[in-house]
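What follows is the residue order along each chain.
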Amino acid sequence: MAVSHQWFVQWSAPSMLFADITSQYNKVNEHFGNLETKWISSSESSIHRYNNRNVYNGRLQALRDYSKETLERHKPNDRSRSAAITLWLTVMGLSQPQLLPADNETPPFSTLYKWKNVDFEFPSIGHRREALATGKFVPESVLPLGLEVWGSRIWVTLPNWRSGVPATLATVPRAGGVISPALKPYPDWSYHTALNDDFNCTKMISVFRVNTDPCGRLWVLDSGKINAQDNSVQVCPPSIFVFDLLTDMLIARYLIPDNYVLQDSLFANIILDTKTSDCSDLHAYIADTWRFGLIVFRQEDGMFWKYSNPLFYPDPLASNFTLHGLNFQWSDGIFGLALTPVDHFRERMLFFHSLSSYREFYVPTSVLRRPSQVNNSFSEFNLVGESRGLYGQSSASAFDDRGVMFYGLVSRDSIGCWDSNKPYRKRTLGTVAENAETLIFPNDIKINQGEQQNVWVISNKLPMFQNGSLDSDDYNYRILYADTKEAVRGTVCDPAIRIPIRRLLVNRR
């Protein structure tokens, strides 16, 4: 039984704290809030971005400097004020929040949140009633699908599978303490369609995945497609929204060019690749799951290009799924995307797989970053090791800083793992957790940035949702987390455990 922590939810910082913060912060950085933005046009995308990177970096450093000064000025016995400072630092993403899980049913994972149905923080009770009455909010249509973790918040994506999804991206606190919190639309209701009569393509339509970069920005992949389950319609161009996580302001939007948007394209995953501290070399890799393509985006000039390869296609032998009495056929192509840590050669690999597949593949990112390689890269895409075996279909995947991959096994109600310093074979593939109740269809996996890394999982019973067989009396959606080191300690995925290696996994050319 979960312990109530209403004191945390209801607590608010004393006004003297924020008055003190404001006065002191002006002394730290006189340029706070002095940002100049502008719109830039190109033939393929609309770009809205910072015009002064030095100001942005100065704000971030100022926050860090002020955090240290503030903590030094407060004595340990001043409990109320130091507690307020700690919470403020957590909200600003500068301190690790205390996690208060709802339960520990799935060791080594703890369940931070779980929902029977999803609700939202509407501006008022009247707004909620109106949304329910007009069909703009149909609780049974709302499915949490993807997640991301940064600072004190967790982002949850809610695609427009069916009509009745009032907001397609929302947040919940990272600290926990409430079993089933209402979701707060991100960045606010004005970016969503439910409370706005003027429908237009400046709003977010249907978000499948989000990703944060090391420079404090959230990249939101909006498919622009509604009613994806029943009768999908491309109502707006697929695009990438970029938000500043310090201000929650939109700083850029990039439209995916029309020539890369095919009939029935579904852009379902995005991952970010940068090796520089200021993210100036950032590239994004985007999976077109239904039309089997990998889109590359370069931030420097807003340019897109596309790779095609037979390895992006579904495996017909892995397109038949059986899960908890349901049998269904999915022909989903490239879906899971995971980047290895940067190696001694300043190289990293993109590992990928189709949802309807038992196999893993890889390609060097140095290849993907060169548009000149688009038509001359067939042999650069390679198979990794052995098959995961029957019922080895995998959803999302992610690497931690030690090179351990975590991935969802959707037909086995489990989270798998692999130490990339070992060969990819059945005997070197481990299982972190398996639970036929709490891990039904682990749909997304993320690993938070920072020294202390956790693996985060969202499970959502997607096949039951699509089949219409969800039980509203059961907890259907969960967010779980586990320390990455403890999750694999003592298993074959533990980097500290060595096994004989007969041949290299990757042959560098």
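Residues numbered from 1 in each chain as written. Predicted model: local features only at pLDDT ≥ 70, side-chain atom pairs only at ≥ 80, totals over all residues. Heavy atoms only, no water.

Moving on to the overall build of the protein. The number of helices and strands found in the protein is eight helices and 31 strands. Counting the 509 residues in the protein, one finds 56% classified as buried. Pairs at least 24 apart in sequence give 58% of the contacts found in the protein among residues at least 6 apart. About 22100 Å² of surface is accessible on the protein, with carbon and sulfur atoms providing 50% of the total. (Helix = DSSP H or I, 4+ residues; strand = E, 2+ residues; numbered from the N terminus. Buried < 20%, exposed > 50% of the residue type's maximum accessible area, 1.4 Å probe, protein only. Contact = heavy atoms within 4.5 Å. Areas by Shrake-Rupley, 256 points an atom, 1.4 Å probe, with all protein chains shown as cover.)

Bringing the sheet that holds strand E25 (residues 394-399) into the picture now. One open sheet holds the four strands; their spatial order is E25-E26-E27-E28, and the pairing between them is antiparallel. Where the open sheet ends on each side, the last strands, each with one partner, are E25 and strand E28 (429-434). Strand-to-strand twist across the sheet, computed as the mean angle between neighbouring axes with direction ignored, equals 25°. Pairing between E25 and strand E26 (residues 404-409): four bridges, direction antiparallel. When the sheet's bridge partners are listed, phenylalanine 399 is paired in E26 with methionine 405. (Pairing = 2+ DSSP bridges. Axes fitted to C-alpha atoms, helices over the stretch in contact; angles between N-to-C directions.)

All right, on to the sheet that holds strand E13 (residues 239-244) then. Spatial strand order, E9-E10-E13-E14: four strands in an open sheet with antiparallel pairing. Of all the strands in the sheet, just strand E9 (207-212) and strand E14 (249-255) have a single pairing partner and so form its edges. Geometrically, the sheet is characterised by an average inter-axis angle of 20° between neighbouring strands, direction not taken into account. Across six bridges, strand E10 (residues 217-222) lies against E13 in antiparallel orientation. Bridge pairing links arginine 217 to aspartate 244 in E13.

Here, the word disulfide means a covalent bond between the sulfur atoms of two cysteines. For the structure shown, the criterion picks out three disulfides. The side chain of cysteine 201 participates in a disulfide bridge whose partner is cysteine 236; the two sulfur atoms lie 2.0 Å from each other. Disulfide cysteine 201-cysteine 236: the torsion about the S-S bond is -85°, which places it as left-handed. Highlighted residues: cysteine 201 in the loop between strand E8 (184-185) and E9 and cysteine 236 in the loop between strand E12 (233-234) and E13, separated in sequence by 35 residues. For cysteine 201, a relative accessible area of 28% puts it in the partly exposed group. The buried category is assigned to cysteine 236, whose relative accessible area is 3%. A sulfur-sulfur distance of 2.1 Å marks the disulfide that ties cysteine 417 to cysteine 493. Disulfide cysteine 417-cysteine 493: torsion about the S-S bond near 85°, hence right-handed. Remark: cysteine 493 occurs in the segment after helix H8 (484-488) and cysteine 417 occurs in strand E27 (residues 414-419); sequence separation between them is 76 residues. (Disulfide = S-S within 2.5 Å.)

Ranked by size, the top nonpolar core spans 47 residues in total, and within it Phe120, Ile154, Leu158, Leu183, Trp456 and Ile479 carry the most contacts. The residues touching leucine 183, leaving out its near neighbours within four places in the chain, are Trp115, Val118, Asp119, Phe120, Glu121, Val156, Leu158, Ala170, Thr171 and Val172. Among the nonpolar cores identified, the runner-up in size contains 40 residues, and Cys215, Leu282, Phe304 and Leu368 belong to it. (Core = buried A, V, L, I, M, F, W, Y, C linked by side-chain atoms within 4.5 Å.)

The subject of this paragraph is a negative patch on the surface. A cluster of like negative charges, contributed by Glu437, Asp471, Asp473 and Asp474, occupies part of the molecular surface. Considering the arrangement of structural elements, one finds glutamate 437 in the loop between E28 and strand E29 (442-447). (Patch = residues over 30% accessible without salt bridge, like charges linked within 9 Å, V, L, I, M, F, W, Y side chains within 5 Å. Salt bridge = Lys/Arg side-chain N within 4 Å of Asp/Glu carboxyl O. Lys, Arg positive; Asp, Glu negative; His and termini not counted. Charge placed at Lys NZ, Arg CZ, Asp CG, Glu CD.)

Before going further, it helps to spend a moment on the pairing of E26. Among the six residues that make up E26, six are buried, leaving the element largely enclosed by the rest of the structure. The alternating pattern of E26 places Val404, Phe406 and Gly408 on one face and Met405, Tyr407 and Leu409 on the opposite face, and all of these are buried. Hairpin connection of E25 to E26: four residues between the antiparallel strands, including glycine 403 at a positive phi of 85°. Two strands pair when backbone bridges link them, and E26 and E27 are joined in this way by six bridges, in the antiparallel orientation.

For the rest of this paragraph, the subject is the pattern of salt bridges. Within this structure, the stated rule accounts for 16 salt bridges. One salt bridge connects lysine 422 with aspartate 419, and the closest N-O pair in it is separated by 2.5 Å. The residues lysine 422 and aspartate 419 share a single accessibility class, namely buried. Aspartate 444 is the salt-bridge partner of lysine 446, the closest N and O atoms lying 3.9 Å from each other. By relative accessible area, which is 1% here, aspartate 444 ends up buried. Overlapping salt bridges bring together Asp103, Glu105, Lys114 and Arg478 as one network.

These values are about where atoms sit, not about what they do.
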